[in-house]
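The chain contents come next:
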Amino acid sequence: MATFYPYLISSLPMLQFGGKPPFSFVRFIEMCRGLVPGEDLAYVEQCGGDYFLQKTQQRTLAQCASFETGLRNELVKIRAVRKKIDGQKYLRPDGSDDAALYHMAMNSHRIPSLIESERSLDRARWSRLEELSSGHYFDCDALIVYALKLRILLRWDIVDHADKQETLERILA
């Protein structure tokens, strides 16, 4: 099967952090079907779930998973200290040991607003995806980065359009 990465990727709208997602993740996968070989499509589809919990041979997906696990490990350490408990039993061994992850997690932790704290973490994830996309223009790695960025945008679209009054009433009830 011929791959049509240049055609597909050049037809995708540009994504910007904080912007509106152009389509759903399901629609994105439909756009890829028929243009992306089966194994590569499976890697792109993994981005729709908990990709960081799965072992993979795909380099970009493995680097994203390592980053995500490392960031979550740092958050566990910070929260464990605050709660005065041993967080070691909650750490996953396959995360990145990058010192910058501690700073990302600590910066997020210091933000009083929970929503802004999460936004800070997603900005860090977005920045990491930007780094990983360097040099990848028309290949599977570019599609993986696009898929993960789309997930971030879709997540914030849900948050931004949630009925806040209904949610508050449900919580208070």
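A few points on the structure. (Residues numbered from 1 in each chain as written. Predicted model: local features only at pLDDT ≥ 70, side-chain atom pairs only at ≥ 80, totals over all residues. Heavy atoms only, no water.)

On to unusual backbone geometry. Unlike most non-glycine residues, lysine 84 shows phi in positive territory, near 60 degrees. Summarising the element assignment, lysine 84 is placed in the loop between helix H4 (59-83) and helix H5 (99-109). A residue is classified by how much of its surface remains accessible, and lysine 84, at 74% relative accessible area, is exposed. (Helix = DSSP H or I, 4+ residues; strand = E, 2+ residues; numbered from the N terminus. Buried < 20%, exposed > 50% of the residue type's maximum accessible area, 1.4 Å probe, protein only.)

A few words now on the packing of aromatic side chains. Per the counting criterion, the structure on display carries 4 aromatic pairs. With 6.3 Å between their ring centres and 0 degrees between their planes, phenylalanine 23 and phenylalanine 28 make a pair best called stacked. Residue classification places phenylalanine 23 among the buried residues on the basis of a relative accessible area of 15%. Looking at phenylalanine 28, the relative accessible area reads 0%, which means it is buried. Linked through ring pairs, Phe23, Phe25, Phe28 and Tyr146 together constitute an aromatic cluster. Sitting over the face of the ring of tryptophan 156, arginine 119 holds its NZ or CZ atom 4.2 Å from the ring centroid. (Phe/Tyr/Trp six-rings, centres within 6.5 Å; stacked < 30°, edge-to-face > 60°. Lys NZ or Arg CZ within 6 Å of the ring centre and 35° of its normal.)

Attention shifts here to the side chain of glutamate 74. By the element assignment, glutamate 74 lies in helix H4. Under the relative-accessibility criterion, glutamate 74 is labelled buried at 11%. Ignoring anything within four residues of it in the chain, the contact list for glutamate 74 reads Leu101, Tyr102 and Ala105. (Contact = heavy atoms within 4.5 Å.)

With that settled, consider the side chain of glutamate 68. Along the polypeptide, glutamate 68 turns up in helix H4. If near-sequence neighbours (up to four positions away) are discounted, glutamate 68 is found in contact with Tyr51, Phe52 and Arg125.

Put simply, helix H2 (residues 25-32) and helix H7 (residues 140-160) touch, their axes get as near as 10 Å, and they point 160 degrees apart. When the axes of H2 and H7 are compared, the pair comes out roughly antiparallel. Handedness of the H2/H7 crossing: right-handed. Contact residues: H2 offers Phe25, Phe28 and Cys32, while H7 offers Leu143, Tyr146, Ala147, Leu150, Arg151 and Leu154. Grouping the amino acids of the contact of H2 with H7 by side-chain chemistry returns 8 nonpolar, no polar and 1 charged. (Axes fitted to C-alpha atoms, helices over the stretch in contact; angles between N-to-C directions. Parallel < 35°, antiparallel > 145°, perpendicular 65-115°, else oblique. Left-handed = near helix turned anticlockwise from the far one by under 90°. Nonpolar A, V, L, I, M, F, W, Y, C, P; charged D, E, K, R; others polar.)

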